[in-house]
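# Survey of secondary and tertiary structure
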Amino acid sequence: MSKDGPSVPQFCNSPTMIVMVGLPARGKTYISKKLTRYLNWIGVPTKVFNVGQYRREAVKTYKNFEFFKPDNEEAMRIRKACASAALKDVSAYFTKEHGQVAVFDATNTTRERRAIIISFAKERGYKVFFVESICEDPEIIAENIKQVKFGSPDYVDRDIDEAMEDFIQRIECYRANYMSIDDEKDRKLSYIKIFDVGSRYLVNRVQDHIQSRIVYYLMNIHVTPRSIYLSRHGESELNLSGRIGGDAGLSSRGQKYANALATFMRGQTIKDLKVWTSHMKRTIQTAEALGVQYEQWKALNEIDAGVCEEMTYEEIQENFPEEFALRDQDKYRYRYPKGESYEDLVHRLEPVIMELERQENVLVICHQAVMRCLLAYFLDKPADELPYLRCPLHTVLKLTPVAYGCKVESFFLNIEAVNTHRERPVNVNINRNPEEALHTVPDHI
Amino acid sequence: MPRELTQNRIQKIWVPTRDDKPAPRRAAGAPHLANPPTVIVMVGLPARGKTYMSKKLTRYLNWIGIPTKVFNVGEYRREAVKNYSSYDFFKSDNECAVKIRQQCALAALRDVKSYLKEEGGQVAVFDATNTTRERRDMILKFGHENDFKVFFIESVCDDPNVIASNIMEVKVSCPDYKDCNKTDAMLDFQRRIECYKATYQPLDPDNLDRDLSLIRVIDVGRRFLVNRIQDHIQSKIVYYLMNIHVQPRTIYLCRHGESTDNLEGRLGGDAGLSPRGRQFSAALARFVEEQKLKNLKIWTSQLCRSIQTVEHLGIPYEQWKALNEIDAGICEEMTYDEVKEKFPEEFALRDEDKYYYRYPAGESYQDLVQRVEPVIMELERQENVLVICHQAVMRCLLAYFLDKSADEMPYLKCPLHTVLKLTPVAYGCKVESISLNVEAVNTHRDRPEEVKRGPGTLIRRNSVTPLTSPESNIKKLRIDDLDEAPIHELPPTVASMGLCSPSHLPLALSGQKLRRDSSGRRDFLQPCQ
């Protein structure tokens, strides 16, 4: 029986192991990390187990590609032990840490290794889903190596050309024994094969909801360079008086920001910029200054504060002191009476994230709580940090994917605005006095 | 100088006022989907589920607001050749028939062009075997000339049980075989398939077709091959196809039991059940037990009245916030009379356009469809499910299953204390309405008679506006049009004949005994095309 659980039904019953398959530099770790970030954000506890890291722990210094030669017996033993250690940790993650999905990130290029994993999972009742990345485009491989391998601990003190040469030899070590998932022999397995960075996919036997979501996600992501700009609407009339929610228009400073934003975006000289707003007046007014077409998404509307809409924090403390304290106790899960929680917001925003993944250059003009949710997705912030991320007015955040993560640059456009960020007070007890509750409320009219 | 914004009175969407024409009713909540129109081209031998997928996909796309229509070449052929004689028509050496079939395909493509360019269509599903490379090249050329995107859906299946079952389900009762018994129909159809097999050139994504956008559905969804998805709409189509299945199952839709707010005629709110509502809850528990379903999933909203309804069943259930009743904003917990008194203009606007109308600080039916779409996707994945929800939400779900338009949706009848049992059958959905014999108030408001329809209540592009899958285009005998075909001229001999009936073939199959299915099954069905 579902108790006061989250607003999304729990779909995973057996834990799931996602098993990556592929030669080195095929994007396995990239996919592992991105998928893990996505699943955690939508509320499915997920963790990556990268066997290479275990190997680096076991063999303190990496010498050269000879370690990976298939006839290097001692190395083979170490590598096998590392894989086993990782599997043991997977099991602990599921049984002791309430994990739901474990991403087993290694080459897993032989049938033998995959058979071991399948049998491990079967014994324990875990579902297995394989993700194989296949690519033979030398340009893509070289680019991958440059992006992530040169910075790896294995090559930290190497000359770049030497490192490239060594890594290429490393790949050859695996190639000889590489057996791709066989569409005939392995027809009972659940898997997706990704060809040439998403040009083609082969999907076999999707078992359940979570695998279906994973497949949909993998089919929507891409690696084309692009930037995502996140900004709030310009300062609104209600912001000035310290009121939350509502559907007010821009203040005069807010209007100035809209113009400054237009200038800034023009300066970025982006081709094919898409602009998205919410359905609320203040974001649309901000977008209007840009003079380009924009799309309105109801899903980008600010968090619904229910009975507290258009109140100041002082009024909330006066009228609903208990609610106010409960919110401080668990800001992520707390739902305003007749309103929403941050958790509800994440669920509401998921189609926006999916479409952002499909798109290239996008400017999203939204609201404080919404921007925190989107930012948490891109920067892999957990639920307890999400509601306290700093998203000040009149500041554009530029996100650019790089290596395994996201570079973020912050641009304050030099137009003064009120501060709307309220830190968590020290005392969150429902019996606290008003001064303690209102201690961190920012100044307003 | 920033443009002034006004909030349009029905949808409550902010739009610039300065425009000369009235603000277009654009996408509320969803981005502009596919700009160039898309032609979806089905590929596969007969009885591989092409028409099943065509219709289902079309129903889904129309429900989420993308104007979509199926163009079934078989129907064009049935118009052109009034009496189907036998599988010989489909032999590849039957020159006369080959020409007719070619003309039918061209006529259908002409209608596709007209639908996408002149009638506001966004997606056209070209439902035919399209099993030869030559035919597909012609379609690609057509797409290219008209700036349409082309997306292929190939269905491949060699499991004889599945094929036989498909033939029994939809072929033996089709107009071609109306004068045959089942066995003869089955036999003829299998021979028909053989005619196609000889010239079947499957899509070749590894080589010849590597630049085409396509999905190959293998063995009824066990495996998929997806190549070069171009855009959002193709991505959604692929996701949808990967979630649907053909396992027999039943979906039960009902509302919560009567609530205390219902008794007072109040909208929205989060009240508990009335005594009669509790009786319904007990009756529902008995009903569910009698149905003897294996693995029934139960879903409720997060509102008290639906959860109280399910508590009696003693079975685990899932709560979905997405199933909550439509948010009536400032009108929450008012009676209709109070709304009429306090907000007379809003009250009138809602009757003017109930689908698009958004309560101030609340939602519209259009918003509901968007909100409820993940529920539909998960319903497609599941098997037996009981959904305990609310009046407006239930209307949205029902509109999806029964292919009802945005115009009809807000007026579908979903009374309290009544379970709707939906069973997929053939190309549609059988619906049985089961009242559990517990009295309740009536919460249904019919469309008012003298409502003045506002401007622009017609077709909207790219907005979340469910449309019913349009009826077939064919209004007149296609054979007259054959002479208009620009590319191929019919030889005079055929043009002068009413029907093509090669002398060596009988005009009808032997076994004239007229056998029809017992009509009971057809009561609630959508017409079988």
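An unreviewed UniProt entry lists chain B under the name 6-phosphofructo-2-kinase domain-containing protein, with Sphaeramia orbicularis as the source organism. For the record of chain B, the UniProt heading Sequence similarities (unreviewed entry) holds the text "In the C-terminal section; belongs to the phosphoglycerate mutase family."

Named according to an unreviewed UniProt entry, chain A is 6-phosphofructo-2-kinase/fructose-2,6-bisphosphatase 1-like originating from Sphaeramia orbicularis. Per UniProt, chain A carries the Sequence similarities (unreviewed entry) text "In the C-terminal section; belongs to the phosphoglycerate mutase family." Word for word, the UniProt comment on chain A under Subunit (unreviewed entry) is "Homodimer."

Within chain A, the regular secondary structure consists of 15 helices and 12 strands. For 445 residues, the compact-globule formula gives about 22 Å, and the C-alpha radius of gyration of chain A, at 25 Å, lands near that figure. Each of the three principal axes of chain A carries a C-alpha extent, and together these read 75 × 55 × 40 Å. Here chain A, with 445 residues, has 56% of them falling under the buried criterion. Here chain A has roughly 19,500 Å² of accessible surface; of this, 50% comes from carbon and sulfur atoms. The distance from the centre of the 61 positive side-chain charges to the centre of the 63 negative ones in chain A is 4 Å.

Right, let's get into the domain arrangement of chain B. Residues and elements named next belong to chain B. The domain architecture assigned to chain B consists of domain 1 (38-243) and domain 2 (251-444). Listed by partner, the interface residues are 16 residues for domain 1 and 16 residues for domain 2. Of the roughly 1,600 Å² buried where domain 1 meets domain 2, counting both sides, 62% is carbon and sulfur surface. Area buried by domain 1 at its contact with domain 2 is led by Arg59, Trp63 and Asn243, which between them contribute 49% of it. There are two salt bridges connecting domain 1 and domain 2. Close ionic contact of Glu380 with Lys56 constitutes a salt bridge, the shortest N to O distance being 3.1 Å. Counting every contact that joins domain 1 to domain 2 gives seven residue pairs in polar contact (both at pLDDT 80 or more). Secondary-structure elements contributing two or more residues to the side of domain 1 that touches domain 2 are helix 1 (50-63), helix 5 (160-171) and helix 7 (232-243). Counting residues per element, the side of domain 1 that touches domain 2 draws most heavily on helix 1, which supplies seven residues. Here the residues of the side of domain 1 that touches domain 2 are counted per class, giving eight nonpolar, two polar and six charged.

The next point concerns the packing of aromatic side chains. Applying the stated criterion across every chain yields a total of 32 aromatic pairs over all chains. Residues Tyr357 of chain B and Tyr359 of chain B carry aromatic rings whose centres are separated by 5.5 Å and whose planes lie at 80° to one another, so their mutual orientation is edge-to-face. Across the pair, Tyr359 of chain B and Tyr357 of chain B agree in class, each one buried. Every member of this aromatic cluster is reached through a ring pair, and the members are Tyr62, Phe67, Phe68, Tyr155, Phe167 and Tyr174 of chain A. One residue, Lys331 of chain A, lies across the ring of Tyr388 of chain A, its end atom 4.7 Å from the ring centre. The residue whose ring lies beneath Arg422 of chain A is Tyr313 of chain A, and the NZ or CZ to ring-centre distance is 5.4 Å.

Among the structural elements, Asp208 of chain A can be located in the loop between strand 6 (200-204) and helix 7 (209-220). Once the C-alpha coordinates of Asp208 of chain A and Tyr313 of chain A are considered, the two residues, 105 residues apart in sequence, prove to be 44 Å apart. Excluding its chain neighbours within four sequence positions, the residues that come into contact with Asp208 of chain A are Lys127 of chain A together with Arg381 of chain B.

Residue and element names in this part refer to chain B. Averaged over every residue, the pLDDT of chain B is 84; the share at 70 or more is 82%. Segment residues 20-34: pLDDT under 50, and 43 contacts once partners within four positions in sequence are set aside and those in other chains are kept. In the model, residues 475-529 has pLDDT below 50 throughout and makes 77 contacts with residues more than four positions away in sequence or in other chains. Here the predicted complex scores 0.89 on pTM and 0.93 on ipTM.

Residue and element names in this part refer to chain B. Strand 13 (residues 418-425) sits mainly inside the fold: seven of its eight residues count as buried. Pairing geometry for strand 9 (residues 251-255) and strand 13, over three bridges, is antiparallel. Along strand 13, the bridge assignment pairs Leu253 with Leu420.

All right, on to the UniProt feature "binding site: substrate" (unreviewed entry) in chain A then. Residue and element names in this part refer to chain A. UniProt annotation of "binding site: substrate" (unreviewed entry) refers to Arg232, His233, Gly234, Glu235, Ser236, Glu237, Leu238, Asn239 and Arg282 when read in the numbering used here. A stretch of 51 residues holds the annotated residues, and the largest C-alpha distance among them is 14.2 Å, short enough that they meet in one place. One can find Arg232 in strand 7 (residues 228-232). Those residues within four positions of Arg232 in sequence are excluded, and the remaining contacts are Asn239, Tyr257, Ile365, Cys366, His367, Gln368, Met371, Cys391, Pro392, Leu393 and Thr420. Of note is the side chain of Arg232, whose polar atom sits 3.3 Å from the side chain of Gln368. In this fold, Glu237 is placed in helix 8 (residues 237-240). Beyond its immediate stretch of four places on either side in the chain, Glu237 contacts Ala248, Gly249, Leu250 and Ser251.

Pairing within the open sheet is mixed, and its 12 strands lie in the order 2(A)-3(A)-1(A)-4(A)-5(A)-6(A)-8(B)-7(B)-6(B)-3(B)-5(B)-4(B). Two strands in the sheet have a free side with no partner beyond their single neighbour: strand 2 (46-50) of chain A together with strand 4 (68-72) of chain B. Sheet twist, expressed as the mean angle between neighbouring strand axes with direction ignored, is 15°. Here strand 6 of chain A pairs with strand 8 (residues 223-227) of chain B via five bridges, running antiparallel. Residue pairing in the sheet places Leu202 of chain A in a bridge with Leu225 of chain B of strand 8 of chain B. Across the sheet, helix 2 (residues 51-58) of chain A is in contact with strand 2 and strand 3 (101-105) of chain A; its angle to strand 2 of chain A comes to roughly 50°.

With that out of the way, let us pick up the packing of helix 7 of chain A against helix 7 of chain B. It is the contact of helix 7 of chain A with helix 7 of chain B, at a shortest axis distance of 11 Å, that shows an interaxial angle of 160°. In terms of orientation, helix 7 of chain A lies roughly antiparallel with respect to helix 7 of chain B. Judged by the sense of rotation from one axis to the other, the crossing of helix 7 of chain A with helix 7 of chain B is right-handed. From helix 7 of chain A, Ser212, Arg213, Val215, Tyr216, Met219 and Asn220 of chain A reach across to helix 7 of chain B, where they touch Ser235, Lys236, Val238, Tyr239, Met242 and Asn243 of chain B.

Rules used in this analysis
Residues take numbers from 1 onward in each chain, read along the sequence in its written order. Key to labels: chains lettered from A, ligands numbered from 1, both in the order written. The predicted origin of the model limits local features to residues at a pLDDT of at least 70 and limits the giving and counting of side-chain atom pairs to 80 or more, whereas totals for whole chains, interfaces and linings rest on all residues. Hydrogens and water molecules were not included; the side-chain quantities draw on all heavy atoms of the structure. UniProt positions are given in the numbering used here, feature names are shortened, and annotations may be inferred rather than shown by experiment. Numbering of helices and strands runs from the N terminus, with a helix taken as a DSSP run of H or I at least four residues long and a strand as a DSSP run of E at least two residues long. Here the radius of gyration uses the C-alpha set of atoms, whereas the globule reference equals 2.2 Å times the residue count to the power 0.38. The buried label applies to any residue whose accessible area, calculated with a 1.4 Å probe on protein chains only, is under 20% of its type's maximum; exposed applies above 50%, and partly exposed to all values in between. Each accessible area is a Shrake-Rupley estimate made with a 1.4 Å probe; only the visible protein chains count as cover when residues are assessed. Positive: Lys, Arg. Negative: Asp, Glu. His and the chain ends are not part of the count. Lys charges are placed at NZ, Arg charges at CZ, Asp charges at CG and Glu charges at CD. Residue ranges for the domains originate in an automatic or database domain assignment. Contacts between residues were defined by any pair of non-hydrogen atoms, one from each residue, lying within 4.5 Å. Values labelled buried area give the accessible surface lost by two parts on being combined, using a 1.4 Å probe and summing over both. Criterion for a salt bridge: a side-chain nitrogen of Lys or Arg within 4 Å of a carboxyl oxygen of Asp or Glu. For this analysis, a polar contact is any N or O atom pair within 3.5 Å, provided that within protein one partner can donate a hydrogen and the other can accept it, and provided that sequence-adjacent residues contribute only side-chain to side-chain pairs. Any residue outside Ala, Val, Leu, Ile, Met, Phe, Trp, Tyr, Cys, Pro, Asp, Glu, Lys and Arg is labelled polar, Gly included; the first ten of those are nonpolar and the last four are charged. The pairing test for Phe, Tyr and Trp rings, Trp by its six-membered ring, is centres within 6.5 Å, and the orientation test on the planes gives stacked under 30 degrees, edge-to-face over 60, and tilted for anything in between. Both a distance and an angle decide whether a charge sits over a ring: NZ of Lys or CZ of Arg must be within 6 Å of the ring centre and within 35 degrees of the ring normal. pLDDT expresses, on a scale from 0 to 100, how confident the predictor is about each individual residue. In this analysis, strands are considered paired if DSSP registers two or more bridges between them. Helix axes use the C-alpha atoms of the stretch in contact, all axes being lines fitted to C-alpha atoms, and the angles between their N-to-C directions lie in the range 0 to 180 degrees. Note on terminology: angles under 35 degrees are roughly parallel, angles over 145 are roughly antiparallel, angles of 65 to 115 are roughly perpendicular, and the others are oblique. Whether a crossing is left-handed or right-handed is set by the direction in which the near helix is turned from the far one by less than a right angle, anticlockwise for left-handed and clockwise for right-handed.

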